[in-house]
Amino acid sequence: MTARYRSTSVRVDLDAVRHNVRTLLPGSAALMAVVKANGYGHGSVPVATAAVEAGATWLGVALVEEGITLRDGGVTAPILVLSEFPEGSERDALGAALTPTLCTAEGLARLQAAATPPVNVHVKVDTGMHRIGVWPPASAAAFVGDVAAAGFVLEGLWTHLARAEEDDPTTDVQLSRFAEAIRGVKAAGHAPGILHAANSAATILRPASHFDLVRPGIAVYGIEPAPGIGRDLRPALTWSSAVSMAKRLPAGERLSYGHHYELTQDAWVATVPVGYADGYPRGASPGAEVLIAGRRCPVAGNVTMDQLMVNCGDHEPASGEPVVMLGAQSGERITAAELAGFAGTIPYEIVARIGERVPREYTG
């Protein structure tokens, strides 16, 4: 949006991003910062630039369009697209120097038709996530042989872990399957290149999964991949607004659509210009709180498309008084995990869904 008239905005601390990258960077492996989904809602180009400044040597995206956006923003670091190029995108993706992932015969054929070898590629092996990838892992060697026969250079071999934050046995099985694929590729006479498997949780918890490159996503933004994992991380995002109107209402009054919320005592009720069209989860009420004057105040009634209401109790909020939906104020903090808990989702979704009509500002 080119103009700003309302107070709602997101502020991203790029120094926090740099701190997190340095904290996550292993001594024995390189780091790919995953900046898909507009940098998990934080802004892909500024975050990618900060991550590279802090030592990231690769960037990961989900879409060809996301990679091209980074290139248009002046980002020159290697960029891996974490799934096969969609049909028809191959030439544009290669023209932007995006590194392909391959895992199917169809994807290989399409890339071969569009590319002029040599082109570096990464082959994805499915070790148990079962989303995309060569399956079973023992067939990776044959697929890599087809990749080589097509004139491509195997720059990387990788997999993705499904439960690294919660389940060691499952992760052990996946890493064992990946090791099987690596052995097969080597036995067939191919160099597997850069080996990578570790997401945020595995980067923190599983040094054996680091191989040559780790791929943290959510942790780059200072959000723990699970409670208690990554306590040295610094949240980078603050989502704030300001009171647009406040009124004193008597006990018994009901608020918002459906009148599901009833005041149990006289209270000041503030209106805040942020709603579910901005990405604030409608399902977070009841339970969710915001910060006003350093105090936790409950979201009162259903979140509406463009506004929400807050029960401020005996505090009379002034028009324009700052409100924090995510982040810190006067020693109190609302975390993405907390808000996600009330919305019945995960913190990844909370930050990634903050809409484009919420302007981003950057510090650091």
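Check the entry above for the structure.
Residues numbered from 1 in each chain as written. Predicted model: local features only at pLDDT ≥ 70, side-chain atom pairs only at ≥ 80, totals over all residues. Heavy atoms only, no water.

Draft legend 1. Representation of the pattern of salt bridges within the structure. Counted by the stated rule, this structure contains 17 salt bridges. The residue Asp278 makes a salt bridge to Arg6 at a minimum N-O spacing of 2.3 Å. Of the two residues, Asp278 sits in the loop between strand 15 (267-272) and strand 16 (289-292) while Arg6 sits in the segment before strand 1 (9-13), which places them 272 residues apart along the sequence. Residue Arg6 is classed as partly exposed on the basis of its relative accessible area of 28%. Measuring nitrogen to oxygen at the nearest pair gives 3.0 Å for the salt bridge that ties Glu262 to Arg254. Three or more residues are tied together by salt bridges with common partners; here these are Arg6, Asp278, Asp306 and Arg357. (Salt bridge = Lys/Arg side-chain N within 4 Å of Asp/Glu carboxyl O. Helix = DSSP H or I, 4+ residues; strand = E, 2+ residues; numbered from the N terminus. Buried < 20%, exposed > 50% of the residue type's maximum accessible area, 1.4 Å probe, protein only.)

Draft legend 2. Quick look at the side chain of Thr159. Residue position: Thr159 is located in the loop between strand 8 (153-158) and helix 8 (168-187). The exposure class of Thr159 is buried, given its relative accessible area of 1%. Side-chain polar atoms of Thr159 contact the side chain of Thr127, separated by 2.8 Å. Those residues in contact with Thr159 that sit more than four places away from it in its chain are Lys124, Val125, Asp126, Thr127, Phe178, His196, Ala197 and Arg215. (Polar contact = N/O pair within 3.5 Å; in protein donor to acceptor, adjacent residues only side chain to side chain. Contact = heavy atoms within 4.5 Å.)

Draft legend 3. Main features of the sheet that holds strand 3 (residues 58-61). Strand order in the open sheet made by the nine strands is 5-4-3-2-10-9-8-7-6, with parallel pairing throughout. Each edge of the open sheet is held by one strand with a lone partner, namely strand 5 (98-99) and strand 6 (101-102). Direction of pairing for strand 3 relative to strand 4 (residues 79-81): parallel, over a ladder of three bridges. The residue bridging Val61 from the neighbouring strand is Val81, located in strand 4. (Pairing = 2+ DSSP bridges.)

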